[in-house]
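The lines below spell out each chain.
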Amino acid sequence: MPSAPPPALLELSEDPDVPVGGRPVSPPRRRTRLLALPEARWALAALVLFLLALPPYLLDLPGWLWGPLFAATYVTGGWEPGWEGLKALRAKTLDVDLLMVVAALGAASIGQVLDGALLIVIFATSGALEAIATARTADSVRGLLDLAPETATRLRADGGEESVPAERLVVGDTVLVRPGERIGADGRVLDGTSDVDQATITGEPLPVAKRAGDEVFAGTLNGTGALRVRVERDPSESVIARIVAMVEEASATKAPTQLFIEKVEQRYSLGMVAATVLVFAVPLLLGSDLDSALLRAMTFMIVASPCAVVLATMPPLLSAMANAGRHGVLVKSAVVMERLGHVDTVALDKTGTLTEGTPRLTDIHPLPGEDLALMNLIDPADLAAQADLADHAAPDREPARPEAVVPAPSGRVSADAGASDPRRVRRAGEDALLRTAAAVERGSEHPLGRAVLDAARERGLGVPVARDFTSTPGVGVTATVRGRAVAVGSPGRLVADPAHPAVRLAAELEEGGRTAVVVTLDGRPVGVLGLADRLRPGAGDAIRALRRLTGRAPVLLTGDNARAATRLAGEVGITDVRAGLLPQDKAGAVKELQSAGAKVLVVGDGVNDAPALATAHTGIAMGRAGSDLALETADAVVVRDELATIPTVVNLSRRARRLVIQNLVIAGTFIAVLVAWDLFGTLPLPLGVAGHEGSTVLVGLNGLRLLADGAWQRARR
């Protein structure tokens, strides 16, 4: 059984974001109950009543047993579409729903009660299916509200505190935000200093120092300090709430195919009514009896109705939107879902889009002559336990070598005579600097501090105990290690001499696209650490998938320097790199691509990406790091910042388009065959109802296939 690490060492294997049990905490999933939808309730009631009336009717029992049940079926299943149809008629629009109700009542008037009831039930079921698809899309959007806290601590005028629902906050209220809490409303800091992680709103990868006068946003995470915030925007108007409202409103928009169908539908419906009158009148003039002529006319009206055609477009697109929403992609409208399938060129931003916006340690530079000073901060007992810690924290790495340094007779640490290998000497110096920085960062919640701790964990290093930890937003962190004052932070704040080697080294790192921090010992710089952003997981796979879908490699549009951009692009196989671009330059690059006939999909996250997002054929914003402007401008939002979902949603859109075409073919074929049968033969009304409504249900169910999780998995292939 391996021994536990000594108390003097930090247990770096713990993940503060993962609770006991190993699963990350995630917000509960919002899901509308089916019976919460009125369309579903009325359709279910009509179906139950129909099934209750069917046995006594088929057994030829007295009419008082089944008559009221069928009448109730007509009312429960037909009142809502009938009422909507009458309202549309008042607006001088002929609604297909009204025609179906009229056809059902006409069938009942000539004794075809069962057929009319069947028509009502199937028609109500079709409406319920479309309502379910719409509700699933809305569920995905409303899940964004889970980012904001449910309650906030409001400060009363007498200085007391009270916990209130966040939605009850009003402009002018003052709220107290404690360390680790989410901010309850958009506002401005009145008092206090802290680092706030607002990546979900502004796109900045690192927490931002906040002090009196700074703006803060609802749903962002407070760091180690306490803040008093004055509410400046009603919770219903916060950034997150505006995103939800914007997407819900946009979900009501209609795709171009649907708009075309609805435009044709009006003329078609008027023509169908005129044809129905002719189908009724001509046989009467030729001597047919009234019942036969009316039955043929009602059958014609039913089978010629374009219900299935109208239903052909929206269910596939709404289902695709709902499925994408469940997997972290909020498509704002059916228009966007249809357009996504048309894109043939992809342009991506770099920082926060192609990369995580999360730093990792890339460089460790002890300053010349400071190695021993750093090594003397390490207790020899820590070094003796280092091998055990390495096995405990990183069992797959090469065992640590604590013999590189040994205690000197004075109790201080000196270089071992056997450690003359320059690589081992350099490694010992790097480890000493990293240990020292990690000791101080032990109490920090800053991403740079976590990156330093992660690097120490990867090397299996023992970290000495640090005391008297303090954090100064915008400057860095300080602590006492074995009686010595150690600071880790900004070179410009910790080093007064601009000509110091540490400042020059930090400048070189920053020119290479890294973030530099200086480590000081008793105010004297002893080393510099470099940190850099990293590619998002699966970025290379996502780029290859986009290349397969569009037939060409994506384009990288970035404001970063060309050297850093080209190096990163090479890692994922992007060859067309356009660097050093201002926001207007990015938009200009998109216009250039589109002038050559391309339909460009732009993926970005920052304010500087908004012009390109607005210019593009379709724009997608990264949700966690996306700025307010980018989220408003984009047509879709990748909530969990998973690049792999972008080629998937494009492929899902193309599958939805194929289903729309399938549905139009199915609907058109059924209408043509049934109308020809009724005009040139004798089509029984029950068969006409079954054929027409069956095609409507078939089209609806075919569109709802994209709701299944399997549809998303197939789109990922």
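About the thresholds
Residues numbered from 1 in each chain as written. Predicted model: local features only at pLDDT ≥ 70, side-chain atom pairs only at ≥ 80, totals over all residues. Heavy atoms only, no water. Core = buried A, V, L, I, M, F, W, Y, C linked by side-chain atoms within 4.5 Å. Buried < 20%, exposed > 50% of the residue type's maximum accessible area, 1.4 Å probe, protein only. Contact = heavy atoms within 4.5 Å. Helix = DSSP H or I, 4+ residues; strand = E, 2+ residues; numbered from the N terminus. Pairing = 2+ DSSP bridges. Axes fitted to C-alpha atoms, helices over the stretch in contact; angles between N-to-C directions. Phe/Tyr/Trp six-rings, centres within 6.5 Å; stacked < 30°, edge-to-face > 60°. Patch = residues over 30% accessible without salt bridge, like charges linked within 9 Å, V, L, I, M, F, W, Y side chains within 5 Å. Areas by Shrake-Rupley, 256 points an atom, 1.4 Å probe, with all protein chains shown as cover. Salt bridge = Lys/Arg side-chain N within 4 Å of Asp/Glu carboxyl O. Polar contact = N/O pair within 3.5 Å; in protein donor to acceptor, adjacent residues only side chain to side chain.

## Looking at the nonpolar core
And then number 1: Val331, Leu354 and Leu601 are the most contacted members of the largest nonpolar core, which has 43 residues in total.
And then number 2: When near neighbours in sequence (up to four residues on either side) are disregarded, Leu601 contacts Leu340, Val343, Thr345, Val346, Ala347, Thr618, Gly619, Ile620, Ile646 and Val650.
And then number 3: Core analysis: the second largest hydrophobic core is formed by 38 residues, Ala104, Ile120, Met272 and Phe300 among them.

## Considerations on the environment of Leu652
And then number 1: With respect to the helices, strands and loops of the structure, Leu652 is situated in helix H25 (residues 645-680).
And then number 2: A relative accessible area of 0% places Leu652 in the buried class.
And then number 3: With 329 residues separating them along the chain, Leu652 and Asn323 place their C-alpha atoms 9.1 Å apart.
And then number 4: In this view, Leu652 contacts Ala320, Asn323, Ala324, Leu706, Ala711, Trp712 and Ala715; residues no more than four positions away in its chain are not counted.

## A look at the sheet that holds strand S12 (residues 360-366)
And then number 1: Spatial ordering of the open sheet is given by S12-S19-S18-S17-S16-S15, a layout of six strands whose pairing is antiparallel. With partners counted over all chains shown, the strands left at the sheet margins are S12 and strand S15 (467-472), one partner each. The mean angle between the axes of side-by-side strands here comes to 20°, regardless of whether they run parallel or antiparallel.
And then number 2: Examined bridge by bridge, S12 and strand S19 (residues 524-532) share six bridges and lie antiparallel to one another. Each residue of the ladder has a partner; that of Asp363, found in S19, is Gly530.
And then number 3: Relative to S12, helix H17 (residues 447-459) is tilted by about 80°, and along the sheet it contacts S12, strand S18 (515-521) and S19.
And then number 4: In the packing of helix H19 (residues 501-511) onto the sheet, contacts are made with S12, S18 and S19, and the angle to S19 comes to roughly 5°.

## Quick look at the pairing of strand S23 (residues 618-622)
The two faces of a sheet get side chains in turn, since along a regular strand they alternate between them.
And then number 1: Among the five residues that make up S23, five are buried, leaving the element largely enclosed by the rest of the structure.
And then number 2: Burial along S23 is two-sided: Thr618, Ile620 and Met622 facing one way and Gly619 and Ala621 facing the other are all buried.
And then number 3: Pairing between strand S22 (residues 600-604) and S23: four bridges, direction parallel. Following the sheet pairing, Val603 is matched in S23 by Ile620.
And then number 4: Across three bridges, the pairing between S23 and strand S24 (residues 636-638) is parallel. The residue bridging Ile620 from the neighbouring strand is Ala636, located in S24.

## Let's talk about the packing of aromatic side chains
And then number 1: Within the structure shown, the criterion is met by five aromatic pairs.
And then number 2: Ring centres of Tyr57 and Trp66 lie 4.9 Å apart, and the angle between their planes is 90°; on these two criteria the pair is classed as edge-to-face.
And then number 3: Under the relative-accessibility criterion, Tyr57 is labelled partly exposed at 25%.
And then number 4: Both rings, one in Tyr57 and one in Phe70, keep their centres 5.5 Å apart while their planes meet at 80°; by these two values the pair is edge-to-face. Of this pair, Tyr57 sits in helix H1 (residues 38-58) while Phe70 sits in helix H2 (residues 63-90), and the two are 13 residues apart along the sequence.
And then number 5: Put simply, the rings of Phe50, Tyr57, Trp66 and Phe70 touch in pairs and so form one group of aromatic residues.

## What to know about a nonpolar patch on the surface
And then number 1: There is a patch of nonpolar side chains on the surface, built from Leu35, Leu44, Leu47, Val48, Leu51 and Leu52 and spanning about 510 Å² of accessible area.
And then number 2: Of note, Leu44 is situated in helix H1.
And then number 3: Of the residues examined, Leu44 reaches a relative accessible area of 40% and is grouped as partly exposed.

## Some words on the environment of Leu664
And then number 1: Following the sequence through the fold, Leu664 ends up in helix H25.
And then number 2: Residue class for Leu664 comes out partly exposed when judged on its relative accessible area of 31%.

## What about the side chain of Asn323?
And then number 1: By the element assignment, Asn323 lies in helix H10 (residues 314-326).
And then number 2: Engagement of the side chain of Asn323 in a polar contact is seen with the backbone oxygen of Ala708, the distance being 2.7 Å.
And then number 3: If we ignore the near neighbours within four places in the chain, the residues touching Asn323 are Leu652, Leu706, Leu707, Ala708, Asp709, Ala711 and Trp712.

## Notes on the sheet that holds strand S20 (residues 555-557)
And then number 1: As summarised here, the arrangement of the seven strands in space is S10-S24-S23-S22-S11-S20-S21, forming an open sheet in which the pairing is mixed. The strands lining the two open edges of the sheet, one partner per strand, are strand S10 (329-331) and strand S21 (576-578). Strand-to-strand twist of the sheet, defined as the mean angle between neighbouring strand axes without regard to direction, takes the value 20°.
And then number 2: Bridge count between strand S11 (residues 345-348) and S20: two bridges; the pairing is parallel. In the strand pairing of S20, Leu348 is matched with Leu556.

Honestly, it's all geometry; don't read function into it.
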